[in-house]
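Chain by chain, the residues run as shown.
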Number of protein chains: 4
Amino acid sequence: MTVPSQQFASDNYAGVCPEAWAAMAEANHGHAVAYGDDEWTGRASDAFRSLFETDCEVFFVFNGTAANSLALSALCQSYHSVICSAAAHVETDECGAPEFFSNGSKLLAAPSPDGKLTAGAIRTLAVARQDIHYPKPRVASVTQSTETGRIYRPEELLAISETCRAHGLSLHMDGARFANACAGLGCSPADLSWRAGVDVLCFGGTKNGMAVGEAILFFNRPQAEDFDYRCKQAGQLASKMRFLSAPWVGLLETGAWLRNAAHANACARLFADRISGLPGLEFAFPVEANAVFLNLSDTAMAALRQKGWRFYTFIGGCARFMFAWDADPGQVDALAGDLSAILEAEAG
Amino acid sequence: MTVPSQQFASDNYAGVCPEAWAAMAEANHGHAVAYGDDEWTGRASDAFRSLFETDCEVFFVFNGTAANSLALSALCQSYHSVICSAAAHVETDECGAPEFFSNGSKLLAAPSPDGKLTAGAIRTLAVARQDIHYPKPRVASVTQSTETGRIYRPEELLAISETCRAHGLSLHMDGARFANACAGLGCSPADLSWRAGVDVLCFGGTKNGMAVGEAILFFNRPQAEDFDYRCKQAGQLASKMRFLSAPWVGLLETGAWLRNAAHANACARLFADRISGLPGLEFAFPVEANAVFLNLSDTAMAALRQKGWRFYTFIGGCARFMFAWDADPGQVDALAGDLSAILEAEAG
Amino acid sequence: MTVPSQQFASDNYAGVCPEAWAAMAEANHGHAVAYGDDEWTGRASDAFRSLFETDCEVFFVFNGTAANSLALSALCQSYHSVICSAAAHVETDECGAPEFFSNGSKLLAAPSPDGKLTAGAIRTLAVARQDIHYPKPRVASVTQSTETGRIYRPEELLAISETCRAHGLSLHMDGARFANACAGLGCSPADLSWRAGVDVLCFGGTKNGMAVGEAILFFNRPQAEDFDYRCKQAGQLASKMRFLSAPWVGLLETGAWLRNAAHANACARLFADRISGLPGLEFAFPVEANAVFLNLSDTAMAALRQKGWRFYTFIGGCARFMFAWDADPGQVDALAGDLSAILEAEAG
Amino acid sequence: MTVPSQQFASDNYAGVCPEAWAAMAEANHGHAVAYGDDEWTGRASDAFRSLFETDCEVFFVFNGTAANSLALSALCQSYHSVICSAAAHVETDECGAPEFFSNGSKLLAAPSPDGKLTAGAIRTLAVARQDIHYPKPRVASVTQSTETGRIYRPEELLAISETCRAHGLSLHMDGARFANACAGLGCSPADLSWRAGVDVLCFGGTKNGMAVGEAILFFNRPQAEDFDYRCKQAGQLASKMRFLSAPWVGLLETGAWLRNAAHANACARLFADRISGLPGLEFAFPVEANAVFLNLSDTAMAALRQKGWRFYTFIGGCARFMFAWDADPGQVDALAGDLSAILEAEAG
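The rules behind the values
- Residues numbered from 1 in each chain as written.
- Chains lettered and ligands numbered in written order.
- Predicted model: local features only at pLDDT ≥ 70, side-chain atom pairs only at ≥ 80, totals over all residues.
- Heavy atoms only, no water.
- Least-squares fit on C-alpha atoms with pLDDT ≥ 70 in both.
- Contact = heavy atoms within 4.5 Å.
- Pairing = 2+ DSSP bridges.
- Helix = DSSP H or I, 4+ residues; strand = E, 2+ residues; numbered from the N terminus.
- Axes fitted to C-alpha atoms, helices over the stretch in contact; angles between N-to-C directions.
- Salt bridge = Lys/Arg side-chain N within 4 Å of Asp/Glu carboxyl O.
- Buried < 20%, exposed > 50% of the residue type's maximum accessible area, 1.4 Å probe, protein only.
- Polar contact = N/O pair within 3.5 Å; in protein donor to acceptor, adjacent residues only side chain to side chain.
- UniProt positions renumbered as here; feature names shortened; annotations may be inferred.
- Buried area = accessible area lost by both parts, 1.4 Å probe.
- Parallel < 35°, antiparallel > 145°, perpendicular 65-115°, else oblique.
- Left-handed = near helix turned anticlockwise from the far one by under 90°.
- Nonpolar A, V, L, I, M, F, W, Y, C, P; charged D, E, K, R; others polar.
- Domains from an automatic or database assignment.

## Considering the relation of the copies chain A and chain B
What connects the two chain copies is a rotation about an axis and a shift along it.
Reasoning step 1: The transformation that overlays chain A on chain B combines an axial shift of 0.0 Å with a rotation of 180°, and the residual RMSD is 0.0 Å. Viewed as a symmetry operation, the transformation between the two copies matches a two-fold axis. Taking the C-alpha atom as reference, chain A places A:Phe62 closest to the rotation axis, 3.6 Å from it.
Reasoning step 2: Looking at chain A, 100% of its interface residues are interface residues in chain B too, so the copies touch through the same face.

Below is the structure:
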């Protein structure tokens, strides 16, 4: 047995892409003013405004936990609630960070067979309780692309944001893999965010090829009032900010943000195509971004692990494969080959 | 007028030192498991244990605000209080972060003419109120080296930690410039921390030559219980952790941590020596680490700014000059020369 | 149509019972030391210790929201979680108070067809996630009697507390209607609390006949460390404490606490017996304490409301009737009569 | 030695006044809807609106700790700060409650020789720091009457509120003894609150003759948005609300609120007049409300305690005497007599 030279358990296993690295290296010359009053930070902010074709407020923080939790806490008070899908990362994998940053806001998790939040589900939760004994819904949060590898189309987002407005909710987007959604649909960032009614977007840098860092974009600028104080108090203001902002310059100005995402998506597609039609295999969700979820037998999963492959199981026990910006097509092929062999042997 | 090519307003203006950079670059090969289960993180933790000659618990977070606030919140509940100097960074420059992370712990700031906290001051505050209408003191926090550029000697720390034990307080050390203290005294890290009774140390990486990152060392291991959950919930767990830990390997294994600090201290010494004895100049505090504080006339300060030099004023209006790991002795000399010219002209 | 002179929508509609009132009136003579250092507070605490046959720590707070939230926050940190039934009041009707007081602890709500939490459900949630991306379970919370009017028997509680110990969980009991459970089973308070492994009990005074006030009993005394500070900081320390403690003396020393509960339970029983066997009626849950839940047709519910009766609908749409310490059997009879007439007419 | 039958250590030692008690007793008839939807609560709210000659929002909570902390938390976010006097109760005697309820807002305590906050002191603190490393001032809080027994006159409040508006601060008034201020100045409640620019007033009921309870009045109504949710989540919504609101009806509709306060003030005046001019005695602050602060020798204080009198020492070691709504003039006289005897003996 050969140990795989690359795993597809998480797109966090990848390193820093060349464009981000080069910008960091360039930023590492001489001195620069601290806390964001440097040239790189201004340039990265402008790159976002240019990419999104709007004069949004831009903030740089260290990771996605903080980005989403800070954004949500800016949109609601402790006695408010946030409507999200039951599969939402903020609900399932942040160790209570949204509740901590907001001092107690409750997440109202809508059941969701495919991980997507719908306008209907938002409406149901928004009106379910109208009394002061239950936290008042104030925000809806969607993940783009979703934790299940699905992508919201502009018209879906528009339906969601209309429902939000009708019920007094702000719309937050967890964009840990926002680039993958843009690449997947061939849509502009603006069409998948503010033009579709998104108030605040957390744009993920880590999965997109950075070492560390996420950007928070407020399209609804008044909601960003004093947000710099909020970041500072919550331990999310980098003193040597240029190292958090320069990689964004590298990603955005060169177009690497989209190339990286497109490559990751393509590898997911490649994997899906290679294994499609195999016996004893079912796609748990349509493959739209950089993730593939498979319903496999326990013995098949065990056999795959036996061959050295690592992966997590997800909702309902399906196997999750994530493809990073630097996914190696050769290794994708190797994984597909191993899985084919296992399933065909099982099918006898 | 020539604009200075390097400023001494803050030691956060410097970039990343070669040793830290090289380790990051080396870490950026291939894939690595996320969230700290990688080799670099284990190696960095061991490097700390080896440097401190003890089996402490080690955690890596993004910045000093978070490091100190998380450590303090692990040592007390919301209805407890933290005794510190009135000059302490946690009191004066963290935008209420300690109160936020702890959900309301009050800082009891002891008046301090020179920025140091003393055993006597701790005792006074520890016994001042014994009723439930005032937060119960539970922690004392010292900064090493202090915000005034002073260094606690081991015997001072021992006196402090004895007082802490006598009053049921834990001892926390904000070591944003801990390396400068070690270099300044020629003391081992162990002698300036756990051997002197420190329970938790936040070891500063940013000012020591990193892009981002601080280490939290629990010498009193039971106090670290579930601290990994605390970091995660507070948005301080890096997914690509290797980029937060590898630079520490670079700093610690090569000895750069101490060389960087010693160089910074030497530049402060150089500056102090060059200007010592000038008319109309007074050192606000003894120069022991990498900071120089000067009492200057308003006209002298204005003249210095006129020549392009940037600096902050501090307690009582004195001018603060901070020297980074990469301070340029030539620029130090230029600053000293400009200041000399100004003061001598003023003196007539 | 005659408007009913008493409603059974909530047992919070009742006033103060004579025994509690008399004690308050007696306490309102002359001056008394503030904040609990008075004789009434000591006497009420001792009455609890005597009733529970153990030397527990006793605290008096204003209401159930605070009692349960403060107790839970004493048992866990912000990054911990609390396992409870999906029907638990702390989950469904406290507007996020437990999350607020604890600064973010997540409630893990176990699905529960009848509102009870079981040892098995606790075990399932306790082991479901073992990673730092999810809040670590630290407490289980049961409501006695439950929000569905059920009562945990001592052996059920023992099974639950054993499971808690096996998984490192403390056991909290929301005893808003604890007296009703004691009366319902004929069990001693000790048998339904610490002897069955309960660590902390919130004993409800309001529903038991007081104007305001709940008692928090720590059987596991070390868990009460500094709890007085916690109460004070959270706005739950009464300055004129005697008015919060004296009614307890009235309730406990006269036995009114048990008589009140027994009467309430008897009225629920009376109502249930009167309507049992009617066509188109189903008891949603067995009647064990002071609540009756009925599955009724929408038309029957509308007809009942038409006759002036107020009631809430609960899980699955059933109608809830609650009987207070002062429930009027004549009115219970009137309600039963109206319901009978409606159902018989519907059945044709 | 005879033990005094009444002490003047605290105005919290008194019980419930007849008018408040009678209203509670009257409220204790039959059933009433819970959580404030009852007639007494509506009537009490209207009584406040009538007394204050304005359509303010009114909320009833359990105690002063909660009233002030909740009001402040409604006026600022966690990264904001509250300017108050160093003698303010919220700073000195709430065990960090404002920080807890607001999730970390810092109190900026202005030095104050007499316990009063001035427009100048507010301005100084409001402009001292303008950077994101320090919590942004958003509220000023004054106590009426002050913790030192002083009263702000309308013109002082106007100067303060103008400064507040100039610096973007809301103005909060801790009115634990607001009635004493009205009685002391002969001013209408409106003149001492909203007409002078106060945004939110916490009107103290406990010291005014109630068993428990404070009212929060929002004159700036938009600031009360969702405040009912905030109260509920923070454990400050009484289920049997009528018992918290009825006593207010008793106090306000009968005019007892003002009579009680006037009597308390008169007793302070009586005491001050009786001892004025005694040797070795100095009034620490002018006597304006219901408090008397005396600078006495240590031996005189010891002798007074020896005679059975209880009192607290305050800022700078002066002795504090507080007179409640039911202060007994005979006992006031006894205290004055004992003090006279002691001081005359000391003077030889």
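## So, the relation of the copies chain D and chain B
Reasoning step 1: Of the transformation placing chain D onto chain B, the axial shift is 0.0 Å and the rotation is 180°, giving an RMSD of 0.0 Å.
Reasoning step 2: When the interface residues of chain D are mapped onto chain B, 100% of them again fall at the interface, so both copies present the same face.

## A short note on the sheet that holds strand β8 (residues 282-283) of chain D
All names here are of chain D.
Reasoning step 1: Spatial strand order, β8-β9-β11-β10: four strands in an open sheet with antiparallel pairing. With one partner strand each, in any of the chains shown, β8 and β10 (312-313) form the two edges of the open sheet.
Reasoning step 2: Against the sheet, helix α11 (residues 256-275) touches β8, β9 (291-295) and β11 (319-322), its axis set at about 30° to β9.

## Focus on the sheet that holds strand β3 (residues 106-110) of chain D
All names here are of chain D.
Reasoning step 1: The mixed open sheet is built from seven strands, whose spatial order is β1-β7-β6-β5-β4-β2-β3. Strand pairing shows two members of the sheet lacking a second neighbour, β1 (57-61) and β3, which therefore form its edges. For this sheet, the mean inter-axis angle between neighbouring strands, taken without regard to orientation, is 20°.
Reasoning step 2: Bridge analysis of β1 against strand β7 (residues 214-218) gives five bridges, and the strand direction is antiparallel. Bridging from a neighbouring strand, phenylalanine 59 pairs with isoleucine 216 of β7.
Reasoning step 3: The strands touched by helix α7 (residues 154-166) within the sheet are β4 (136-143) and β5 (170-175), with β5 carrying the most contacts at an inclination of about 140°.

## Some thoughts on the pattern of salt bridges
Oppositely charged side chains are able to pair whenever their charged atoms sit close together.
Reasoning step 1: Per the stated rule, a full pass over the model turns up 92 salt bridges over all chains.
Reasoning step 2: In this structure, D:Glu19 engages D:Arg259 in a salt bridge whose closest nitrogen and oxygen atoms are separated by 3.1 Å. Residue D:Glu19 is found in helix α1 (residues 18-27), and its partner D:Arg259 is found in helix α11; the two are separated by 240 residues along the sequence.
Reasoning step 3: Judged by relative accessible area, which is 24%, D:Glu19 ranks as partly exposed.
Reasoning step 4: When its relative accessible area of 43% is taken as the criterion, D:Arg259 is described as partly exposed.
Reasoning step 5: Bridged by salt links that share partners, the residues A:Asp46, A:Arg49, A:Asp55, A:Glu57 and A:Arg221 form one connected network.

## Things to note about the side chain of B:Ser193
All names here are of chain B.
Reasoning step 1: Looking at the secondary structure, you find serine 193 in the loop between α8 (178-185) and β6 (200-204).
Reasoning step 2: A distance of 2.7 Å separates the side chain of serine 193 from the backbone oxygen of proline 189, its partner in a polar contact.
Reasoning step 3: For serine 193, the residues in contact, after removing those within four places along its chain, are Phe52, Phe178, Val198, Leu201 and Phe219.

## Examining α8(B)
Residue and element names in this part refer to chain B.
Reasoning step 1: Residues Phe178, Ala179, Asn180, Ala181 and Cys182 constitute the buried set of α8.
Reasoning step 2: Of the surrounding secondary structure, the elements contacted by the buried residues of α8 are β5 (170-175), β6 and α11 (256-275).
Reasoning step 3: Looking one or two residues beyond α8, the residue adopting positive phi is glycine 186, at roughly 65°.

## Comments concerning the UniProt feature "domain: Aromatic amino acid beta-eliminating lyase/threonine aldolase" (unreviewed entry) in chain A
Reasoning step 1: UniProt records the feature "domain: Aromatic amino acid beta-eliminating lyase/threonine aldolase" (unreviewed entry) for residues 7-297 of chain A in the present numbering.
Reasoning step 2: Along residues 7-297 of chain A, the helical share is 40% and the strand share 16%, with 20 Å between the first and last C-alpha atoms.

## Here's the deal with the interface of chain D and chain B
Reasoning step 1: Taken together, the contacts link 19 residues of chain D with 19 residues of chain B.
Reasoning step 2: For the pair chain D and chain B, the two sides together bury roughly 1600 Å², of which 44% comes from carbon and sulfur.
Reasoning step 3: The largest contributions to the chain D side of the interface with chain B come from D:Cys95, D:Asn103 and D:Lys106, which together make up 33% of the buried area.
Reasoning step 4: Taken together, the links from chain D to chain B amount to six salt bridges.
Reasoning step 5: The partner of B:Arg129 in a salt bridge is D:Asp93, and the shortest N-O contact between them spans 2.9 Å.
Reasoning step 6: Linking chain D with chain B are 12 residue pairs in polar contact (both at pLDDT 80 or more), by the criterion used here.
Reasoning step 7: Those elements that provide at least two residues to the side of chain D that touches chain B are α4 (89-92), α5 (97-101) and β3 of chain D.

## Things to note about the packing of helix α1 (residues 18-27) of chain C against helix α10 (residues 242-254) of chain C
Residues and elements named next belong to chain C.
Reasoning step 1: Where α1 meets α10, the closest approach of the two axes is 7 Å, and the angle between their N-to-C directions is 135°. Relative to α10, α1 is oriented oblique. α1 and α10 meet at a crossing whose hand is right-handed. Contacts between α1 and α10 pair Glu19, Ala20, Ala23, Met24 and Ala27 from the former with Arg242, Phe243, Ala246, Pro247, Gly250, Leu251 and Thr254 from the latter.
Reasoning step 2: Partitioned by chemical class, the residues of the contact of α1 with α10 number eight nonpolar, two polar and two charged.

## Here we look at the domain arrangement of chain A
Residues and elements named next belong to chain A.
Reasoning step 1: Domain parsing of chain A yields domain 1 (18-255) and domain 2 (257-347).
Reasoning step 2: Taken residue by residue, the interface counts 27 residues in domain 1 and 20 residues in domain 2.
Reasoning step 3: Both faces combined, the contact of domain 1 with domain 2 buries some 1900 Å², and carbon together with sulfur accounts for 56% of it.
Reasoning step 4: It is Thr148, Asn180 and Gly255 that lose the most area in domain 1 upon contact with domain 2, and together they represent 24% of the buried surface on that side.
Reasoning step 5: At the junction of domain 1 with domain 2, the criterion picks out two salt bridges.
Reasoning step 6: Elements with a contribution of two residues or more to the side of domain 1 that touches domain 2: α1 (18-27), α8 (178-185) and α10 (242-254).
Reasoning step 7: For the side of domain 1 that touches domain 2, the element with the highest residue contribution is α8, accounting for five residues.

## With respect to the pairing of β9(D)
In the case of a regular strand, side chains alternate between the two sheet surfaces.
Residue and element names in this part refer to chain D.
Reasoning step 1: Burial within β9 is extensive, with four of its five residues counted as buried.
Reasoning step 2: As defined by bridge partners, β8 adjoins β9 across two bridges and the pair is classed as antiparallel. Residue pairing across strands places phenylalanine 283 opposite leucine 294, the latter belonging to β9.
Reasoning step 3: Across four bridges, β9 lies against β11 in antiparallel orientation. Its bridge partner being in β11, leucine 294 is matched across the sheet by alanine 319.

## Overview of the packing of helix α2 (residues 39-51) of chain B against helix α10 (residues 242-254) of chain B
Between two packed helices, the angle of one axis relative to the other and the distance separating the axes together describe the packing.
Residue and element names in this part refer to chain B.
Reasoning step 1: As a packed pair, α2 and α10 sit with axes 8 Å apart at the nearest point and diverge in direction by 40°. For the element pair α2 and α10, the recorded crossing hand is left-handed. Packed against α2, whose contacting residues are Trp40, Thr41, Arg43, Ala44, Ala47, Phe48 and Leu51, the element α10 presents Arg242, Ser245, Ala246, Trp248, Val249, Leu252 and Glu253 at the interface.
Reasoning step 2: Broken down by class, the residue content of the contact of α2 with α10 amounts to nine nonpolar, two polar and three charged.

## Examining the environment of A:Val33
Reasoning step 1: Tracing the backbone shows A:Val33 in the loop between α1 and α2 (39-51).
Reasoning step 2: Residues A:Val33 and A:Lys240, 207 residues apart in the sequence, show an inter-C-alpha distance of 7.9 Å.

## A word on the interface of chain A and chain B
Reasoning step 1: If you look at the interface, chain A gives 50 residues, while chain B gives 50 residues.
Reasoning step 2: Contact with chain B buries surface across chain A, with A:His31, A:Gln233 and A:Lys240 losing the most and accounting together for 19% of the total.
Reasoning step 3: Counting every contact that joins chain A to chain B gives two salt bridges.
Reasoning step 4: A:Lys232 is paired through a salt bridge with B:Glu94; the nearest N and O atoms lie 3.0 Å apart.
Reasoning step 5: Elements with a minimum of two residues in the side of chain A that touches chain B: α1, α3 (64-75), α5 (97-102), α9 (227-233) and α10 of chain A.
Reasoning step 6: For the side of chain A that touches chain B, the residue count by class is 25 nonpolar, 17 polar and eight charged.

## Section: the environment of D:Leu252
Residue and element names in this part refer to chain D.
Reasoning step 1: With respect to the element layout, leucine 252 can be found in helix α10 (residues 242-254).
Reasoning step 2: The spacing of leucine 252 and alanine 44 is 208 residues in sequence and 8.0 Å in space, taken between C-alpha atoms.
Reasoning step 3: Dropping the residues within four chain positions of it, leucine 252 is found in contact with Ala44, Ala47, Phe48, Leu51 and Trp257.

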